[in-house]
Amino acid sequence: QVQLVESGGGLVQAGGSLRLSCAASGRTFSGYIMGWFRQAPGKEREFVAAIRWSGGITYYADSVKGRFTISRDNAKNTVYLQMNSLKPEDTAVYYCAAQLIRGYYSITYYYTGDGYAYWGQGTQVTVSS
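Conventions adopted
- Residues numbered from 1 in each chain as written.
- Predicted model: local features only at pLDDT ≥ 70, side-chain atom pairs only at ≥ 80, totals over all residues.
- Heavy atoms only, no water.
- Pairing = 2+ DSSP bridges.
- Helix = DSSP H or I, 4+ residues; strand = E, 2+ residues; numbered from the N terminus.
- Axes fitted to C-alpha atoms, helices over the stretch in contact; angles between N-to-C directions.
- Phe/Tyr/Trp six-rings, centres within 6.5 Å; stacked < 30°, edge-to-face > 60°.
- Buried < 20%, exposed > 50% of the residue type's maximum accessible area, 1.4 Å probe, protein only.

Draft legend 1. Main features of the sheet that holds strand S1 (residues 3-7). Pairing is antiparallel across the open sheet formed by four strands, whose spatial order is S1-S3-S8-S7. Two strands in the sheet have a free side with no partner beyond their single neighbour: S1 and strand S7 (68-73). On average, each strand axis in the sheet is tilted by 15° relative to the strand beside it, whichever way the strands run. Here S7 runs beside strand S8 (residues 78-83); their pairing, made up of six bridges, is antiparallel. Within the sheet, the bridge partner assigned to Phe68 lies in S8 and is Met83.

Listed below in structure tokens is the structure:
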């Protein structure tokens with residue numbers, strides 16, 4: 001059974017940085033895409049970033065490009081989200097997600113929550129102004 005456990009959230013001032021971690025277990029993740037999503041109170045869940053476990057190709061939402069970096073450590077089976085230049089509008093619960101890539105879907109399918117079968121419990125990020 002796939003398990004995803006996020007950590008690293010917290011309270012930070014605007015302009016600060018945080019690094020989120022997602023420890024993945026339960027199987028080998030080659031062939032998977034790993035995503036980060038976030039959901040602020042009263043708002044829809046939104047895509048933040050994703051990475052193909054094999055090859056490390058990355059994808060970002062426009063709102064975080066140039067500020068956030070997604071990466072993975074194969075040896076630790078962990079995906080990271082380095083968040084710099086944080087803004088109050090980045091405040092949300094951040095979720096890690098995983099899905100075996102299906103070749104018949106375009107990559108944009110994985111920009112939606114429907115593209116993922118496995119989810120972590122979430123970690124709160126709060127950015128104060």
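Back to the text.
Draft legend 2. Region of the structure containing the packing of aromatic side chains. According to the stated counting rule, one finds twelve aromatic pairs in the structure shown. Judged by centre distance (5.3 Å) and plane angle (75°), the rings of Phe29 and Tyr32 are edge-to-face. You'll find Phe29 and Tyr32 in the same group, each marked buried. Taking 5.4 Å as the distance between ring centres and 75° as the angle between the ring planes, the aromatic pair formed by Tyr109 and Tyr110 counts as edge-to-face. For Tyr109, a relative accessible area of 25% puts it in the partly exposed group. Taking relative accessible area as the criterion, Tyr110 reaches 2% and is therefore assigned buried.

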